Amino acid sequence: MDDNKFKLPASISRRRFVQGLAVGGVIASFPHVVRAGSSFKDNAATGSAPELSGKVIELTIAESLVNFTGVVRTATTINGSIPAPTLRLREGDEVTIKVTNTLSVPSSIHWHGIILPYQMDGVPGLSFKGIMPGETFVYKFKLQQSGTYWYHSHSGFQEMTGMYGALIIEPREQDIIVADREYVVQLSDWTDDDPMKVFSKLKVQGDIYNYNQPTVRDFFRDLSEKGLSSALSKRKMWQEMRMSPTDLGDVSSAVLTYLFNGSTPLANWRGLFKKGEKVRLRFINGASNTFFDVRIPELQMTVVQSDGQNVHPVTVDEFRFGPGETYDVLVTPQSDAYTIFAQTIERTGYARGTLAVADNINAPVPAVDPVEWLAMADMMGNMSHGGSMTEGAMDHSQHGAAMPMDLSQHAGPAAAYAKASTQVRHASTEYGPSVDMRVDTPRTNLDDPGIGLRNNGRKVLTLSDLHSLEGVIEPQRPEAEIELHLTGNMERYSWSIDGLEFGQSTPVHMKLHQCVRVILHNDTMMTHPMHLHGMWSDLESESGEVQVRRHTIPVQPAQRISFLTTPHDVGRWAWHCHLLFHMDAGMFREVVVS
């Protein structure tokens, strides 16, 4: 990638890097760079995606040159655009998608959230060998669902370099969501650096991109507000844990530029409307490593779909979503212009676009909210139960097994599964160098919007607000229970499940058509969007009621949540955190359905 780098003069500011170019992807504004760099020119279309429909689709994976920040880079594109073409298909159709790989390395496309045979799932090493250079792979499957989805590469860091696009499946019957017009809003992140180099730097120093470290100023503020003893205790606690209270997203605008339908913030993607129209916005988080907090100042959003599934409408001012998640919202704008503002969870940057009645009208862009420190609930869970988070001082006597124990293999009688187990079971494999924190008293609340969104004066969507419109789609009760712990060690930048990176783990086994309850217990201080391939995840409330059908479930720090799933297809499936660096570091499991 470095071979294709042509830097602009040093006068290009960091602000320009964070917000990108006003004409992202177009190099004509800097002709001297073209001259200096021989014949290179950007050849990827960015800022809009062509739309393809029908039962037979042809896609070509290739390298394309782009320029988002003043530096020409090589992107990995599908049909030469970022985002890739929007595929608009129809429920019930059997589609044939021919994908040709012109790269010099293997590639793949995964259909995120789509229920299909595992051989069509597009995960190299599990469902197929990948698409070799020069090869055309034919995906063929019947669409069993409708809604807003997306697709992306599942090979290396190709997704991070541009391989992602929207997948819209129209209902077979009339859509119950009625709107006058609609827009796809696909958010993503881009780095000019080689993603492998970014990953390598994180492995050396996990907080290298965290520019929000506690400062002397913060200490004196605590001193003024809480007194010397409390201020010192607060610092001592974090130092003893060897953790940072501002470690919210391990990659930031120090290395990322945030894109809105392939446009930088300065490029300012635009969607037009007429006053009084009902506009449907299909939000897709296609980022590799970024949670976005989305709001449209002065305009409320009614959430009508979550991960492609219709939900009881809920009106909010803001929602947070992680990589892999989708939300459809309806808005009825009455003013001339609005900013769609998506700030990142660690508050170092944002993506943005504009809804307006004309091309030349803009709305104010809000300031990024201040950084909020992680609270004790994010570290220790439900402190009202009198427990604690353990770091090094754990009583190991209760875990007498000498051999590693994979809790995913545990199951018991059906009568035990009326509600999710509340007994915390740390696997013996959690007591190793890959784990720096274990939570003994997790919180189970779904009504927490998360760090940075609590008590901000806005109505923020939470998981507890989401209820499938069709109610309990599969009323079957669980016959087995699987408990998995999301684990990590920030200093080593090691991410795992039950303390085991993917290469050390054994598959999770599920039986065909058997309903299983899955408990995800987060023993880390970061939120993980967990994506289970090939089957639905029916999220349960704390009282055991099925709420909403998802394909990607975010699990907050020190949180323990559960969902039901019933595999309807045999095969080998992937299950992983959708933060790309976490997945690559090892937070990944194979699921075998037989």
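Refer to the structure presented above.
Because the structure is predicted, anything quoted here is derived from the model rather than measured.

Caption draft 1: Seen up close, the overall build of the protein. What the protein contains, in helices and strands, is seven helices and 35 strands. Counting every position in the protein, which comprises 594 residues, the buried fraction comes to 61%. For the protein, restricting intrachain contacts to residue pairs at least 6 apart in sequence, the fraction spanning at least 24 positions comes to 79%.

Caption draft 2: Region of the structure containing the pairing of strand β31 (residues 546-550). With five of five residues buried, β31 is to be regarded as a mostly interior element. Both strand β30 (residues 537-540) and β31 contribute to a ladder of four bridges, which runs antiparallel. Along β31, the bridge assignment pairs S537 with R550. Connecting β30 to the antiparallel partner β31 that follows it, the hairpin turn spans five residues, and G544 within it adopts a positive phi of roughly 95 degrees.

Caption draft 3: Just the environment of E470, in detail. Note on placement: E470 falls in the loop between β24 (438-439) and β25 (480-489). E470 sits in the exposed class, given a relative accessible area of 66%. Considered as a pair, E470 and N310 are 160 residues apart in the sequence and their alpha carbons are 7.8 Å apart.

Caption draft 4: Expanded view of the environment of Y338. Here Y338 is to be found in strand β21 (residues 337-344). Sequence spacing of Y338 and V357 is 19 residues, and the spatial spacing of their C-alpha atoms is 9.6 Å. Setting aside chain neighbours within four positions, we find Y338 in contact with F273, I296, P297, E298, L299, P333, G353, T354, L355 and A363. One polar contact links the side chain of Y338 to the main-chain amide nitrogen of Q334, over a distance of 3.0 Å. There is a polar contact of 2.8 Å between the side chain of Y338 and the backbone nitrogen of S335.

Caption draft 5: Quick look at unusual backbone geometry. Residue P83 is reached from I82 by a cis peptide bond, and omega for that bond is -5 degrees. Within the fold, P83 resides in the loop between β5 (81-82) and β6 (84-90). Look at E298: it is not a glycine, yet its phi comes out positive at around 75 degrees. As for its position among the elements, E298 is in the loop between β16 (292-295) and β17 (301-306). With a phi angle near 55 degrees, D498 is a residue other than glycine that sits in the positive phi range. Among the structural elements, D498 can be located in the loop between β26 (494-497) and β27 (508-510). Taking the relative accessible area as the measure of exposure, D498 reaches 0% and is therefore buried.

Caption draft 6: Representation of the side chain of Q559 within the structure. Tracing the chain through its elements places Q559 in the loop between β32 (552-555) and β33 (560-565). Reaching out from Q559, the side chain makes a polar contact with the backbone oxygen of N445 at a distance of 2.5 Å. Each residue touching Q559, except ones within four places of it in the same chain, is listed here: P442, R443, N445, L446, L520, H521, N522 and P554.

Rules and cut-offs
- Residues numbered from 1 in each chain as written.
- Predicted model: local features only at pLDDT ≥ 70, side-chain atom pairs only at ≥ 80, totals over all residues.
- Heavy atoms only, no water.
- Helix = DSSP H or I, 4+ residues; strand = E, 2+ residues; numbered from the N terminus.
- Buried < 20%, exposed > 50% of the residue type's maximum accessible area, 1.4 Å probe, protein only.
- Contact = heavy atoms within 4.5 Å.
- Pairing = 2+ DSSP bridges.
- Polar contact = N/O pair within 3.5 Å; in protein donor to acceptor, adjacent residues only side chain to side chain.

Keep in mind that these numbers describe shape and distance, not what the molecule does.
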